[in-house]
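Below, each chain spelled out in residue letters.
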Amino acid sequence: MLIDFRDFIAKNWEFITALDAQDESDALLIDWLQANWEIIVEQQLKNPKIIFEFYGDGADNGRSSRIQQSEAIPTHEVVCLPKNGTGIFDYLNKVEHNVDTNALVFDRFVTMRSDGWYYEEPPFDKGLCYANNKEVIVNLDEIKFQLAPHC
């Protein structure tokens, strides 16, 4: 379901960023991402008791970072685990990250450019995660996603 979401935003990125460039609120893109996160990812679970932490910056609707169920409190988060072993390479900090000691909480899909920094743009082949409030960039080919109770 997360890869479905990634594929959807990649296919529609050019269109939505063009609309966002014309929008004076500066909230169209983040609202669109959050709405589709809730529809494509949360609703596929078919379990209304599972509410994820918001995607990326979340929505900008004044009361909440959510679009639907704006009063809902997150019950779960998405964590990244290695497909093999206990370590995941962090492409931003150029270190191996041990998931036995610190969970990698998924935040959003990104891409790394040759300048060594990440950008929220296609092909969305990396994930921005957080471990102890520190940014970590992981390669999607090296991880699997898992639901975890919200901390």
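Presented here is a report on the structure given in the accompanying data block. Computed from a predicted model, the values in this text were never measured in an experiment.

1. Quick word on the overall build of the protein
- When its secondary structure is counted, the protein shows two helices and eight strands.
- When its helices and strands are written in sequence order, the protein yields α-α-β-β-β-β-β-β-β-β.
- Radius of gyration (C-alpha) of the protein: 15 Å, near the 15 Å computed for a compact globule of 151 residues.
- The C-alpha extent of the protein, read off along each of the three principal axes, is 40 × 40 × 25 Å.
- Sorting the 151 residues of the protein into buried and exposed places 41% on the buried side.
- For the protein, the proportion of contacts with a sequence separation of at least 24, taken over those separated by at least 6, is 57%.
- Working note: accessible area of the protein is about 8,300 Å², and carbon and sulfur atoms make up 50% of it.
- For the protein, the separation between the mean place of its 13 positive charges and that of its 26 negative charges on side chains is 7 Å.

2. Some points on empty space enclosed by the protein
- Enumeration according to the criterion identifies one cavity of 30 Å³ or more in this entry.
- Counted as a void, the largest cavity has a volume near 30 Å³.
- Lining the largest cavity are I30, L33, Y55, G56, D57, G58, R108 and E120.
- Along the lines of polarity and charge, the residues of the lining of the largest cavity split into three nonpolar, two polar and three charged.

3. Digging into unusual backbone geometry
- The omega torsion across P122 and P123 is 15°, close enough to zero to call that bond cis.
- Looking at the element boundaries, P123 is found in the loop between strand 5 (118–119) and strand 6 (126–131).

4. Concerning helix 1 (residues 2–22)
- Helix length check: helix 1 (21 residues) gives 28 Å between terminal C-alpha atoms against 30 Å at 1.5 Å per residue, within 8%.
- Along its length, helix 1 shows its largest kink, about 60°, at W13.
- Regarding helix 1, the residues found buried are L2, F5, R6, I9, W13, I16 and D20.
- Close packing links the buried residues of helix 1 with helix 2 (28–42), strand 1 (76–82), strand 4 (104–112) and strand 8 (143–149).

Basis of the calculations
Residues numbered from 1 in each chain as written. Predicted model: local features only at pLDDT ≥ 70, side-chain atom pairs only at ≥ 80, totals over all residues. Heavy atoms only, no water. Helix = DSSP H or I, 4+ residues; strand = E, 2+ residues; numbered from the N terminus. Rg over C-alpha atoms; globule rule 2.2 N^0.38 Å. Buried < 20%, exposed > 50% of the residue type's maximum accessible area, 1.4 Å probe, protein only. Contact = heavy atoms within 4.5 Å. Areas by Shrake-Rupley, 256 points an atom, 1.4 Å probe, with all protein chains shown as cover. Lys, Arg positive; Asp, Glu negative; His and termini not counted. Charge placed at Lys NZ, Arg CZ, Asp CG, Glu CD. 1 Å grid on protein atoms, 1.4 Å probe; cavity = no way out; pocket = protein on both sides within 12 Å on 5 of 7 lines; lining within 4 Å. Points joined across faces, edges and corners; volume = space filled by probe spheres on them. Nonpolar A, V, L, I, M, F, W, Y, C, P; charged D, E, K, R; others polar. Expected span 1.5 Å × (residues − 1). Bend = angle between axes of the 7 residues up to and from the residue.

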